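Breakdown of the fold
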Amino acid sequence: MSKSILMFALVFCFAFLPLVGLSGSAESTNSVAAEDLHRESVIRNGDFTSPIVNDQGNSPYEWWFWEAGRFGVSGAIVSSFGVEDGSVFINIEDAGPEPWHIQFNQWTHLVPEQSYLVSFKARAAAPRSINVKILQTHEPWTNYFAETVALGEEWQTFEFYYTHGRTSDEVVTFGFELGKSLATTIFFRDVVVKPVDKSEIPVKEKEAVDESEAIDYFFEEEEPAELVSNGDFSLGIANDQASLPFEWWIWQASTYNISGAKVAEHGVKEGVAYLVLEDVGVESWHIQFNQWIRIRQGGSYKISVMAKADSSRPIFFKLVQTGAPYGLYMEQTLNLTEEWQTFEFDYLHPEDGDPIVTLSIELGKEFPTTIYLDNVSIRPVLSD
């Protein structure tokens, strides 16, 4: 869901006169201004006057870090952090290969259909980008709001307007994704998420917010009878995620040094796709056979796939978000044998689900063998 970006730097000038009494007045004014900025904000310790708790399990409504390096997903890790003079510093030792591999988060409460001002100041020791997000606290980790901003070495103020959806969760995760880019030190101050009346939103931003509230996915004409591209593999396997994400492509953990998971060979023979698994890694998602699909919010679908393996083993058929945090919409276990089977199941896409998702067939974790697939299909169910 896209949002308009309003980005500008605010400079606060205070006259520090040599008189003690007047200096004290300036500090008092500064304190009042800070109180006004954070008044009604739903973010705790957004002025960073208190230490960072960093205890997701016991204090999710306070600031905490999620680091992929703690879970063996990648080497992403924060070497140190702390609070100084109303700002937080975060020293990133390893940024990992994905933005979500380092997160600085807290849970908070948002009111459905309420508009909010999202504002924060940030800088970095070296220029790089970060993401700011509002998302579900649980699977499928749906993104309600996401923006990417470019940090420089000087403080900048970033402001956005967001309206929480009518059916969205009231408890959400607000946070920053700090992975993937340069490993450096990032600073934040004055993080605010506060309710606003729509009359307070500038006209240009209000138009964008109104559009985002009504956003829905519409096919160029009518919804096609089949959502999967090349489900019979008559066109081969493109395997070009960057340029052709809506065609079949392979993701393997060995490419990112996450594990040794690797496909030794793949192709199509006599209309059947095959993947020779050389190393399956330690998790099912360490090898994926994917394509993006466009899907209608609130739509009902009949899903089917034919599959077999040289040696009996399970694989996993999933619909997942195309980007971080890769929330799971649907999962089915397919217990393959050496004989062809047709697996069929029904699916209802959420009303607030992403309009483009990843069809992901996960082949990792079990043991190396050759997997065969044919007639992969996702067809809309027509309502009476």
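Above: the structure in question.
In this report, we go over the structure that sits alongside the text. Keep in mind that what you see is a predicted model, and the values were worked out from it rather than measured.

1. Quick word on the pairing of strand β14 (residues 272–279)
As paired strands, strand β13 (residues 262–269) and β14 are joined by seven bridges and run antiparallel to one another. Residue pairing in the sheet places V268 in a bridge with A273 of β14. Between the antiparallel neighbours β13 and β14 lie two residues, among them E270 with a positive phi of about 55°. Of the strand pairs in this sheet, β14 and strand β21 (residues 370–380) are connected by four bridges, and their pairing is antiparallel. Bridge pairing in β21 places L275 opposite I371.

2. Considering the packing of aromatic side chains
The tally for this structure, following the rule as stated, stands at 24 aromatic pairs. Where W251 meets W285, the ring centres are 6.0 Å apart and the plane angle is 40°; that geometry is what we call tilted. Here the residue W251 occupies a position in strand β12 (residues 249–252), and W285 occupies one in the loop between β14 and β15 (287–294), the gap between them amounting to 34 residues. By relative accessible area, which is 13% here, W251 ends up buried. Judged by relative accessible area, which is 26%, W285 ranks as partly exposed. Members of the aromatic cluster, connected to one another through ring pairs, are F48, W63, F65, F81, F104, F120, F158, F174, F176 and F188. Looking at K269, its charged tip hangs above the ring of Y274, at a distance of 5.2 Å from the centre. Sitting above the plane of the Y372 ring, K308 keeps its charged end 5.2 Å from the centroid.

3. Some thoughts on the sheet that holds strand β18 (residues 328–336)
In spatial order, the strands read β12-β15-β20-β17-β18; together these five strands make up an open sheet with antiparallel pairing. Each edge of the open sheet is held by one strand with a lone partner, namely β12 and β18. Between one strand axis and the next, the sheet turns through 25° on average, direction left out of account.

4. Considerations on the environment of E362
Within the element layout of this structure, E362 appears in strand β20 (residues 356–362). In this structure, the C-alpha to C-alpha distance between E362 and P314, residues 48 residues apart in sequence, is 9.5 Å. Apart from residues no more than four positions distant in its own chain, E362 is found in contact with S284, W285, I287, Q288, I315, F316 and K318. At 2.6 Å, the side chain of E362 and the side chain of S284 are in polar contact. Here the side chain of E362 touches K318 through a polar contact of 3.0 Å, side chain to side chain.

About the cut-offs
- Residues numbered from 1 in each chain as written.
- Predicted model: local features only at pLDDT ≥ 70, side-chain atom pairs only at ≥ 80, totals over all residues.
- Heavy atoms only, no water.
- Pairing = 2+ DSSP bridges.
- Helix = DSSP H or I, 4+ residues; strand = E, 2+ residues; numbered from the N terminus.
- Phe/Tyr/Trp six-rings, centres within 6.5 Å; stacked < 30°, edge-to-face > 60°.
- Buried < 20%, exposed > 50% of the residue type's maximum accessible area, 1.4 Å probe, protein only.
- Lys NZ or Arg CZ within 6 Å of the ring centre and 35° of its normal.
- Axes fitted to C-alpha atoms, helices over the stretch in contact; angles between N-to-C directions.
- Contact = heavy atoms within 4.5 Å.
- Polar contact = N/O pair within 3.5 Å; in protein donor to acceptor, adjacent residues only side chain to side chain.

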